[in-house]
Amino acid sequence: MKRIIIGAAVLTGLTSLGAACTAAPAPAAHNRVQVLRLHTTDLSDADNPAGHGGPGDVFTVVYDLRTPAGAEAGKAYLSCTTATPSVNLCHAAYVLKGGQIDVQVAVTGTATGETLAVTGGTGVYAGVTGWVRAVDPDRTFYLIHPGQN
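Residues numbered from 1 in each chain as written. Predicted model: local features only at pLDDT ≥ 70, side-chain atom pairs only at ≥ 80, totals over all residues. Heavy atoms only, no water.

**Section: the side chain of Arg139**
Next, step 1: Note on placement: Arg139 falls in strand β8 (residues 138-144).
Next, step 2: In this structure the side chain of Arg139 is engaged in a polar contact, spanning 3.4 Å, whose partner is the backbone oxygen of Pro137. (Helix = DSSP H or I, 4+ residues; strand = E, 2+ residues; numbered from the N terminus. Polar contact = N/O pair within 3.5 Å; in protein donor to acceptor, adjacent residues only side chain to side chain.)

**Re the side chain of Thr82**
Next, step 1: Assignment of secondary structure puts Thr82 in strand β3 (residues 72-84).
Next, step 2: Here the side chain of Thr82 touches Asn88 through a polar contact of 3.0 Å, side chain to side chain.

**A look at the pairing of strand β5 (residues 99-107)**
On a regular strand, each side chain points to the face opposite its neighbour's, so the side chains alternate between the two faces of the sheet.
Next, step 1: Bridge count between strand β4 (residues 87-96) and β5: nine bridges; the pairing is antiparallel. By the bridge assignment, Leu96 is partnered in β5 with Gly99.
Next, step 2: If you look at the hairpin formed by β4 and β5, you'll find two residues sitting between the two strands, and Gly98 has a positive phi there, around 95°.
Next, step 3: Examined bridge by bridge, β5 and strand β6 (residues 114-121) share four bridges and lie antiparallel to one another. (Pairing = 2+ DSSP bridges.)

**A short note on the nonpolar core**
Next, step 1: Of all hydrophobic cores here, the largest spans 26 residues; its most connected members are Leu65, Tyr94, Leu96, Ile101, Val103 and Phe141.
Next, step 2: When residues of this core are traced back to their parent elements, those giving at least two are β1 (34-42), β2 (58-66), β3, β4, β5, β6, β7 (129-135) and β8. (Core = buried A, V, L, I, M, F, W, Y, C linked by side-chain atoms within 4.5 Å. Buried < 20%, exposed > 50% of the residue type's maximum accessible area, 1.4 Å probe, protein only.)

**Focus: the pattern of salt bridges**
It is possible for side chains bearing opposite charge to pair when their charged atoms get close.
Next, step 1: Under the criterion given, the structure shown has three salt bridges.
Next, step 2: Taking the shortest distance from any N to any O, the salt bridge between Asp64 and Arg66 comes out at 3.1 Å.
Next, step 3: Given a relative accessible area of 10%, Asp64 falls into the buried group.
Next, step 4: Its salt-bridge partner being Lys75, residue Asp64 comes within 3.2 Å of it at the nearest N-O pair. Of the two residues, Asp64 sits in strand β2 while Lys75 sits in strand β3, which places them eleven residues apart along the sequence.
Next, step 5: Residue Lys75 is classed as partly exposed on the basis of its relative accessible area of 28%.
Next, step 6: One salt-bridge network, held together by shared partners, links Asp64, Arg66 and Lys75. (Salt bridge = Lys/Arg side-chain N within 4 Å of Asp/Glu carboxyl O.)

The following block contains the structure:
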């Protein structure tokens, strides 16, 4: 159950879809920000509880990613480590056609949505920075490509 709650909060993390999140609009000065919207479906074993809930426990989540129109967009692979009873440190790789996008977040479990840091990418996403607004089950990526800031 804790894994599901944390996974939902983290990816409230993770790829090509659904409704636009209005909580974190792109800055007006960045008209060169690529916006990518994705919808997540948890493919992990929801019946397998995440460890014992103590520091150092690790759990993983796999998400199916879809565009807002429902087309397959890829998969997201999330790994979180329990730092304290109320904080999980998480890394996710969104594997999409043409490359992947890596993100990190400290999940406190108190927010209805999370903002994830984009830490890089590969392929067509090589060198990207930016952020992701995650409001389960949707993800909205605000990507800044190298040379566009």
